[in-house]
Amino acid sequence: MRVLVVEDEKKTASFVRKALQAEGFAVDACHNGDDALAAAKSTPFDIIVLDIMLPGRDGLSVLRQLRERRDATPILLLSARGEVNERVEGLNAGADDYLPKPFELAELVARVRALGRRGGDNKSPVLRVADLTLDTLTRRAQRGGAEIELTAREYRLLEFLMRSAGRLCGRMMILEKVWDYDFDPGTNLVDVYVRRLREKIDARFEPKLLHTVRGAGYLLKAQP
Ligand code: CA
């Protein structure tokens, strides 16, 4: 499950991100409304945690904009104490739930999880590329019916590649989405993990699914 956290207070954003990551969510964060709209356009999120008070375009405007472009991603609004009108306005504008600040992290996690379940009703939790499947609820990977054991990081890498199936994934993008790095550590970390993953999902099977695009990155696809 991939969550977008939109909150300009860096400290709160960081707490929320860490709490959700500890529960197994993949988390992207942005700190203003325009970045949030851009992120939601380029990445399919399962849930968006959206603070109302943001610099520039506020959370309600982001919410309206998303719904206007028919983006139905479940949204949990965060509102400061006293923003009762905004809260009501938010629910009317298509938010799925709200949480007044200050909140307990455990409650936030519980609500995000509940929204994820609701959103999952019409979406299959199982990602599939050819005969490779990844169940994002049980975190089980199988190919040709055979169980594939993955470490937590390999799971995140495979989930990201499968959600991006058919699209080129550059090393920097992978570092950002799978390791949460926003800098290049200057190592071959990604290549090492891709090699390990390939050993598990491709070595004993045909056709090969995980392709190297020389100098550019990687691509998960049934046909090269
Ligand atoms: Ca704020």
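Here, every reference points to the structure presented above.
This structure is a prediction, so every number in the text was calculated from the model and none was measured.

Participant: Any chance you could explain the overall build of the protein chain here in plain terms?
Facilitator: Looking only at helices and strands, the protein chain has eight helices and twelve strands in total. Taken against the 2.2 N^0.38 rule, which gives 17 Å for 224 residues, the C-alpha radius of gyration of the protein chain at 19 Å falls within 12% of a compact globule. With the C-alpha coordinates of the protein chain rotated into their principal frame, the extents come out at 60 × 40 × 30 Å. Expressed as a percentage of the 224 residues in the protein chain, the buried residues total 44%. Considering only residue pairs separated by 6 or more positions, the protein chain has 56% of its internal contacts joining residues 24 or more positions apart. A total accessible area of about 11500 Å² is found for the protein chain, and carbon and sulfur atoms account for 50% of it. Looking at the protein chain, you have 37 positive and 34 negative side-chain charges, and the mean spots of the two groups are 4 Å apart.

Participant: Would you take a moment to explain the side chain of K101 for this structure?
Facilitator: Looking at the secondary structure, you find K101 in the loop between β5 (97-100) and α5 (105-120). What makes K101 buried here is its relative accessible area of 15%. For K101, the side chain forms a polar contact with the side chain of E9, separated by 3.4 Å.

Participant: Teacher, can you tell me more about the sheet that holds strand β1 (residues 2-6) here?
Facilitator: Strand pairing in a sheet takes place through backbone hydrogen bonds and is either antiparallel or parallel in direction. What the five strands build is an open sheet, ordered β2-β1-β3-β4-β5; its pairing is parallel. Both outer strands of the open sheet, β2 (26-30) and β5, are each paired with one neighbouring strand and no more. Strand-to-strand, the axes of this sheet are offset by a mean angle of 20°, without reference to chain direction. Both strand β4 (residues 75-79) and β5 contribute to a ladder of four bridges, which runs parallel. The residue bridging L78 from the neighbouring strand is L99, located in β5.

Participant: Sorry, what's going on with the packing of aromatic side chains here?
Facilitator: Pairs of aromatic rings are described using the distance from one ring centre to the other and the angle between the two planes. Inspection of the entire model under this criterion finds two aromatic pairs. Over the face of the ring belonging to Y155 we find R139, whose NZ or CZ atom lies 4.1 Å from the ring centre. Its end group placed over the ring of Y193, R196 keeps NZ or CZ at 4.6 Å from the ring centre.

Participant: For this particular structure, what's the right way to read the sheet that holds strand β6 (residues 126-129)?
Facilitator: Across the sheet, four strands lie side by side as β6-β7-β8-β9; this open sheet has antiparallel pairing. Among the strands making up the open sheet, the edge pair consists of β6 and β9 (146-148). Direction aside, the axes of adjacent strands within the sheet are offset by 25° on average. Of the strand pairs in this sheet, β6 and strand β7 (residues 132-135) are connected by four bridges, and their pairing is antiparallel. In the strand pairing of β7, R128 is matched with T133. Sheet strands in contact with helix α6 (residues 152-163) are β6, β7 and β8 (140-143), and its direction is about 115° off that of β7.

About the cut-offs
- Residues numbered from 1 in each chain as written.
- Predicted model: local features only at pLDDT ≥ 70, side-chain atom pairs only at ≥ 80, totals over all residues.
- Heavy atoms only, no water.
- Helix = DSSP H or I, 4+ residues; strand = E, 2+ residues; numbered from the N terminus.
- Rg over C-alpha atoms; globule rule 2.2 N^0.38 Å.
- Buried < 20%, exposed > 50% of the residue type's maximum accessible area, 1.4 Å probe, protein only.
- Contact = heavy atoms within 4.5 Å.
- Areas by Shrake-Rupley, 256 points an atom, 1.4 Å probe, with all protein chains shown as cover.
- Lys, Arg positive; Asp, Glu negative; His and termini not counted.
- Charge placed at Lys NZ, Arg CZ, Asp CG, Glu CD.
- Polar contact = N/O pair within 3.5 Å; in protein donor to acceptor, adjacent residues only side chain to side chain.
- Pairing = 2+ DSSP bridges.
- Axes fitted to C-alpha atoms, helices over the stretch in contact; angles between N-to-C directions.
- Phe/Tyr/Trp six-rings, centres within 6.5 Å; stacked < 30°, edge-to-face > 60°.
- Lys NZ or Arg CZ within 6 Å of the ring centre and 35° of its normal.

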